[in-house]
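Structural characterization, general
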Amino acid sequence: MAIEQTFSILKPDATRRNLTGKINAKFEEAGLRIVAQKRIWMSRQHAKTFYAVHAARPFYNDLVDFMVSGPVVVQVLEGENAIALNREIMGATNPANAAPGTIRKEFAESIEANSVHGSDSAENAAVEIAYFFAGLDIVG
């Protein structure tokens, strides 16, 4: 098993409802460590650039609007197979399809306001982590 780092965002719906601790407890209980974390309010340009991969999709503008609607918590999670484990803990993007006990099943308000974002590959994790954190920000 490989020790990996992955990127996570606790979205505005989660921070608005003070779910940061409950969500992070799920990560930690599953064996992931939070090695970097900060609460920010993304600018529209920051969100547009971060989600540029979705720019051609019909939901892009709504996604950007949502992500700038309140503060978010950006963080780096570390552990064995962290990318796959984080995605398992988050559950399916659509909370209606998420497994019981997952973050999205328990906390999501909708497919858009689904409480969390997580990297889907090692390559994207590296890019997403670098977008929000400098090397010295990450303390293992």
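Our subject is the structure that appears above.
Residues numbered from 1 in each chain as written. Predicted model: local features only at pLDDT ≥ 70, side-chain atom pairs only at ≥ 80, totals over all residues. Heavy atoms only, no water.

So, on to the nonpolar core. For soluble globular proteins, nonpolar side chains are generally found buried alongside one another. If you look at the biggest cluster of nonpolar residues, it comprises 22 residues, and the most contacted ones within it are F7, I9, M42, M67, V74, F132 and F133. For this core, the secondary-structure elements that each account for two or more residues are β1 (3-10), β2 (33-40), α3 (44-50), α4 (60-67), β3 (72-80) and α7 (122-132). By residue number, the principal contributor to this core is α4, which donates five residues. Aside from chain neighbours lying at most four places away, what touches V74 is F7, S8, I9, A36, Q37, K38, I40, F132 and F133. Membership of the second largest hydrophobic core comes to 15 residues, among which are A14, A82, F107 and V116. (Core = buried A, V, L, I, M, F, W, Y, C linked by side-chain atoms within 4.5 Å. Buried < 20%, exposed > 50% of the residue type's maximum accessible area, 1.4 Å probe, protein only. Helix = DSSP H or I, 4+ residues; strand = E, 2+ residues; numbered from the N terminus. Contact = heavy atoms within 4.5 Å.)

Quick look at the sheet that holds β2 now. Strands sit in the order β2-β3-β1-β4 across an open sheet of four strands; the sheet is antiparallel. Each edge of the open sheet carries a strand with a single partner, namely β2 and β4 (116-118). Direction aside, neighbouring strands of the sheet carry axes that sit 20 degrees apart on average. Where β2 and β3 come together, seven bridges link them in antiparallel fashion. Within β3, the position partnered with A36 by the bridge is V76. With respect to the sheet, helix α5 (residues 82-90) is in contact with β1, β3 and β4, its orientation differing from that of β1 by roughly 35 degrees. (Pairing = 2+ DSSP bridges. Axes fitted to C-alpha atoms, helices over the stretch in contact; angles between N-to-C directions.)

What follows is about α7. Within the span of α7, buried status applies to A125, E128, I129 and F132. Taken end-on, α7 shows its buried residues confined to a sector of 100 degrees, consistent with a single buried face. Opposite its buried face, α7 presents the exposed residues E123, V127 and A130, each directed more than 90 degrees away. Packing partners of the buried residues in α7 comprise β1, β2, α3, β3, α5 and β4. (Arc of directions from axis to C-beta.)

Take the packing of aromatic side chains next. Evaluated as defined, the whole model comprises six aromatic pairs. Aromatic side chains F7 and F132 sit 5.2 Å apart centroid to centroid with 10 degrees between the ring planes, which places their arrangement in the stacked category. Pair noted here: F7 is in strand β1 and F132 is in helix α7, with a separation of 125 residues, a long-range link. Of the two residues examined, F7 and F132, each falls in the buried class. Ring centres of F50 and Y131 lie 5.6 Å apart, and the angle between their planes is 40 degrees; on these two criteria the pair is classed as tilted. One end of the pair, F50, is in helix α3; the other, Y131, is in helix α7, and 81 residues separate them in sequence. Using a relative accessible area of 11% as the deciding quantity, one classes F50 as buried. Members of the aromatic cluster, connected to one another through ring pairs, are F7, F50, Y51, Y131 and F132. (Phe/Tyr/Trp six-rings, centres within 6.5 Å; stacked < 30°, edge-to-face > 60°.)

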